[in-house]
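# Commentary on secondary and tertiary structure
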Amino acid sequence: MVVRHWMGISLKADHTQNPKSHNLPQGRKGTAMLVKLKAFAPGGSPALLKAIAEADFDRAGIDTPLRLCHFMAQIFVESGGFRSVEENLRYSARRLTQVWPNRFPTLASAQPFANNPRALANKVYGGRMGNTGPNDGWLHRGRGPKMITGKDNYRLIGRLIGVDLVKDPDALLDPAIGIRAAIAFWTKNGCNKAADRNDIRAVTKIVNGCYNGLADRRAAFRKAVAIWGEDDISEIGAKGASTSNIGKASIAAGGLGTLGVVSQAAEIVPQMAYTLESGGSIADLIGIPLITLVLFVAVVGLVVYIFRDRLFIARHEGL
C-alpha cells in the first residue's frame, strides 16, 4: 500500500489490486499528451489543452487508461469541448423552461431571467451550496473546466489545491488552477471507484449532479477509449449496459434470470422521469441503456402473460 500526499489529499493506491497502474501507455504527459488532446478536442482552447497535458494524473490516482478515459470524457463535456472555463448563463426564456423546469414552469416566469446571467445565477444557485449572500450565486457560478459551483465547493476545493477560491473566485479561470481543481474534485469525490466499474452513469451523477448530457458523455468516452484506451477496455460504461450487479450476473451466466430482469426493469421508469425532470434532452433520454428498455418491455409482457386469465375474468365478471 502506497500513501501519496497531493494537493493536501492523502491518496491510497494499492497496486496489488490495480497492477495496470505500473503498466500505463506512454505519452500521458507533455508533448505526446498534447498531441493526443488535440486529436480528442481539435477545437479546444490551446491554453487549457496545455494545462491538461502538463497535469500529473498519475500522482492524483488517475493512473489507469480506464480512469483517464472517464475523466477526459466528463471534463470534455463540462467544458464544452475543452473550450470554456466559465459557465454560460445566457439562456432564452424557452431554454430556461427546459433546463430548470421546476424553477421556470412557464415562459412568463422565465422571461425576467432570460439573457440575464447575474440574475439567473442568483436565482438558481442562491440559498444552496453554501450560497447565503444576495449575490453569492453569481460570485460562485460554474468556473474552471469542471465548472466548480457553489461557495461550499469553492471553499473545499480551494483548500485542497492551496488557493483561496472564495477570496479570488476568478482564479479558477486560470487553466492551470482550473485543471488542478477538476482533478481535486474528481479524487475527493471518489470518481475513480465509479470509473473502475466502468459505470458512466455513476461518474456523471458525481460530476454533474444529475445526468445532463449523458449521451454526449458516452460519445466522448468512446472517443477517449480510441485514443487512450487499451484492448481490454470495453464500452460497457459508454453504451450504458447494465450496471446492476444482479443483472450483470444473470447476463454473465448466459441468461436473464427473473431477478435480473426485474432489477433492470425497476430502474428505467424513475431513470426516465429523472432525466426529463432534470431538463435532460431527448438525446439523453434515448441514451438510457437500450438493454434496460428491452428488459422493461419483456417484464411487462411477462406480467401480462402470467395474469392474462385473471385480467380477462375481472373484465367480464358480472356479465
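Above: the structure in question.
Here the structure is a predicted model, which means the values were calculated and not measured. Chains are numbered independently. Their residues run from 1 in the order of the written sequence. Totals for whole chains, interfaces and linings use every residue, but because this is a predicted model, local features are given only for residues with pLDDT of at least 70 and side-chain atom pairs only at 80 or more, for both listing and counting. By convention in this description, side-chain values take in all heavy atoms of the structure and omit both hydrogens and water.

### Regarding the environment of Lys 36
Comment: elements are numbered from the N terminus, with helices defined as DSSP H or I runs of at least four residues and strands as E runs of at least two. For Lys 36, the position within the fold is in helix 1 (residues 31-40). Classification of Lys 36 as partly exposed rests on a relative accessible area of 24%. Residues Lys 36 and Ile 227 lie 191 residues apart in sequence; the distance between their C-alpha atoms is 6.8 Å. Burial here depends on accessible area, computed with a 1.4 Å probe over protein chains only, as a share of the maximum for the residue type. Under 20% is buried, over 50% is exposed, and the range in between is partly exposed.

### A look at the pattern of salt bridges
The salt bridge criterion pairs a side-chain nitrogen of Lys or Arg with a carboxyl oxygen of Asp or Glu, the two atoms within 4 Å. Inspection of every chain in the model, using the stated rule, returns eight salt bridges. Between Lys 50 and Glu 54 there is a salt bridge whose closest N-O contact spans 2.9 Å. Residue classification places Lys 50 among the partly exposed positions, given a relative accessible area of 45%. Ionic pairing is found between Arg 155 and Asp 152, a salt bridge with its closest N-O pair at 3.4 Å. Linking Arg 155 with Asp 152, this pair stays in helix 8 (residues 151-161), spanning three residues, or about one helical turn. The exposure class of Arg 155 is partly exposed, given its relative accessible area of 36%. With relative accessibility at 42%, the residue Asp 152 sits in the partly exposed group. Among the charged side chains, a network of salt bridges with common partners joins Asp 63, Arg 67 and Asp 196.

### Examining helix 2 (residues 46-53)
Listed in full, the buried residues belonging to helix 2 are Leu 48, Leu 49, Ala 51, Ile 52 and Ala 53. Contacts are assigned to residue pairs that have any heavy atoms within 4.5 Å of one another. Where helix 2 is buried, its residues contact helix 1, helix 3 (65-78) and helix 9 (175-188).

### Focus: helix 8
All buried positions along helix 8 are accounted for by Lys 151, Tyr 154, Ile 157, Gly 158, Leu 160 and Ile 161. Backbone geometry just after helix 8 places Gly 162 at a positive phi near 75°.

### Thoughts on the packing of aromatic side chains
The rule is short: rings of Phe, Tyr and Trp, with Trp giving its six-membered ring, pair when the centres are within 6.5 Å, and they are stacked under 30 degrees, edge-to-face over 60, tilted in between. Evaluation of the coordinates by the stated rule reveals eight aromatic pairs. Measuring from centroid to centroid gives 5.2 Å for Phe 71 and Trp 186, while their planes differ by 80°, and the two rings are edge-to-face. A residue pair is termed long-range when its members are at least 10 positions apart, and Phe 71 in helix 3 and Trp 186 in helix 9 qualify at 115 residues. Every member of this aromatic cluster is reached through a ring pair, and the members are Phe 40, Phe 76, Phe 82 and Trp 228. Only Lys NZ and Arg CZ are tested; either one counts as a charge over a ring when it is within 6 Å of the ring centre and within 35 degrees of the ring normal. Sitting over the face of the ring of Trp 138, Arg 141 holds its NZ or CZ atom 3.7 Å from the ring centroid. We note Lys 146 situated over the ring of Phe 185; from NZ or CZ to the ring centre the distance is 4.3 Å.

These results come straight from atomic positions and should not be treated as a statement about function.
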